[in-house]
Amino acid sequence: MSNRQNKQALPPEGRAQPRVRAQVPIRVGAPGGGSMQRALLMNLSWGGAEFRCDEAPGAAGDTLQLELPYHAEPIHIGSEILRLSTGDDGGCTVTVRFSSLSPTAEEHLEKVLEMLLTGSGGGRREHPRLAQRLEVYFDDPADIRATLEDISQGGLAVTVPYSFSPDQSVQLTVFGGPRVGELRLRARVVRQTEIADGKLRLYNVGLKFEHPTGDLQNLVARLLKKLSSREALAARKWKVE
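Bear in mind the structure is a predicted one, so any value in this text is a computation, not a measurement. (Residues numbered from 1 in each chain as written. Predicted model: local features only at pLDDT ≥ 70, side-chain atom pairs only at ≥ 80, totals over all residues. Heavy atoms only, no water.)

(A) Structural context of the state of the cysteines. If you walk through the whole model with that rule in mind, you get zero disulfides. With no disulfide of its own, Cys53 lies closest to Cys92 among cysteine sulfurs, the gap being 5.0 Å. On the basis of relative accessible area, Cys92 is assigned to the buried category, the value being 3%. (Disulfide = S-S within 2.5 Å. Buried < 20%, exposed > 50% of the residue type's maximum accessible area, 1.4 Å probe, protein only.)

(B) Summary view of the sheet that holds strand E7 (residues 92–100). Spatially, E2-E3-E4-E7-E6-E5 is the arrangement adopted by the six strands of the closed barrel, whose pairing is antiparallel. Across the sheet, the axes of successive neighbouring strands diverge by a mean angle of 45 degrees, strand direction being ignored. Relative to strand E3 (residues 36–44), strand E2 (residues 20–29) runs antiparallel, the two being bridged by eight bridges. Paired with Ile26 across the bridge in E3 is Ala39. (Pairing = 2+ DSSP bridges. Helix = DSSP H or I, 4+ residues; strand = E, 2+ residues; numbered from the N terminus. Axes fitted to C-alpha atoms, helices over the stretch in contact; angles between N-to-C directions.)

(C) Region of interest: the environment of Arg21. Position of Arg21 relative to the elements: it lies in strand E2. The exposure class of Arg21 is exposed, given its relative accessible area of 75%. Taking the C-alpha atoms as reference points, Arg21 and Asn43, 22 residues apart in sequence, are found 4.2 Å from one another. Beyond its immediate sequence surroundings of up to four residues, Arg21 is in contact with Met42 and Asn43. (Contact = heavy atoms within 4.5 Å.)

Written out as structure tokens, the structure is:
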């Protein structure tokens, strides 16, 4: 991860991630396919979920694949088991946090959450804030390029004037100006260090992205290609002038 300080970071929005109660049949199982068991989703948020099933699908710390219904194509979400509890009826209640979503799966999850929030009366805003947002601006091509290369490796470090909760999921938006545009990603806070700077309190925050490595690398490759094209165009224009 880079230790570079960003040009400008805006305060996060919406400290709490809305958790929606919803009894929806889902399927859970080991990542990578194989047998899946039926479960009943109890509540859902941008960062995780809780469901009930007949048998424990694993132990705390194990990874799972959740399959949520969504039109013709279900949403597949890689998850980590946080807690399990067994009820008097022998059924198991499982709490998970999401750890790996493709950009398409994330987009579909957001649509489901917005629909559920509106239906439950908790989303009266036109666009409910589903996650705490961290917005970072870059205006130097070298900084943009270095940031994108860090992102392709799965992590990023930013320095901000506010703190986060450990293991918190955030929505990171990187603004690269007209050269790159906007890049929106899921990330989890994996470390946080307070920095002494006189009376100003700063925090160096380490983020790990919650997208498959291949998706990240493909996305960054496209943006770096776009950045290179803009830089080449600017160089030709400067030569002509």
